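What the coordinates show
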Amino acid sequence: MLCKVVKALTAKEMTLESSERTVSDVTASLQEKERAIKATSVEITKPRSRVDLKLQEPQHLKNYGDHSETRGQGMRP
């Protein structure tokens, strides 16, 4: 009977060790993916900020044109 218990405990210990390795591997994989996502996010932010500036440019030009028109109307005789 003691022999059966020892065998069962040994099998459970091996299963536990295998599970620990699996958890460690999955954790390492997750951390690697998180680093990749962070790097990708930084790379996406760069073009996005350039696009935002380009989208603001027409509004800025319109505001400048409106301002110029307003000043020009005040100067007319």
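Just so it is clear, the structure is predicted and the values come from calculations on it, not from any experiment.

1. Side note on the overall build of the chain
Check the secondary structure of the chain and you find 1 helix and 0 strands. The buried share of the chain, taken over its 77 residues, is 0%.

2. Some words on the pattern of salt bridges
Applying the stated criterion to the full structure yields 2 salt bridges. The shortest N-O distance in the salt bridge between E43 and K46 comes to 3.3 Å. With E43 and K46 both in helix 1 (residues 2-74) and 3 residues apart, this pair spans about one turn of that helix. Look at E43 and you get partly exposed, because its relative accessible area is 47%. A relative accessible area of 41% means that K46 is categorised as partly exposed.

3. Some thoughts on a nonpolar patch on the surface
There is a patch of nonpolar side chains on the surface, built from M1, L2, V5, V6 and L9 and spanning about 570 Å² of accessible area. Among the secondary structure elements, L2 is positioned in helix 1.

Conventions and cut-offs
Residues numbered from 1 in each chain as written. Predicted model: local features only at pLDDT ≥ 70, side-chain atom pairs only at ≥ 80, totals over all residues. Heavy atoms only, no water. Helix = DSSP H or I, 4+ residues; strand = E, 2+ residues; numbered from the N terminus. Buried < 20%, exposed > 50% of the residue type's maximum accessible area, 1.4 Å probe, protein only. Salt bridge = Lys/Arg side-chain N within 4 Å of Asp/Glu carboxyl O. Patch = residues over 30% accessible without salt bridge, like charges linked within 9 Å, V, L, I, M, F, W, Y side chains within 5 Å. Areas by Shrake-Rupley, 256 points an atom, 1.4 Å probe, with all protein chains shown as cover.

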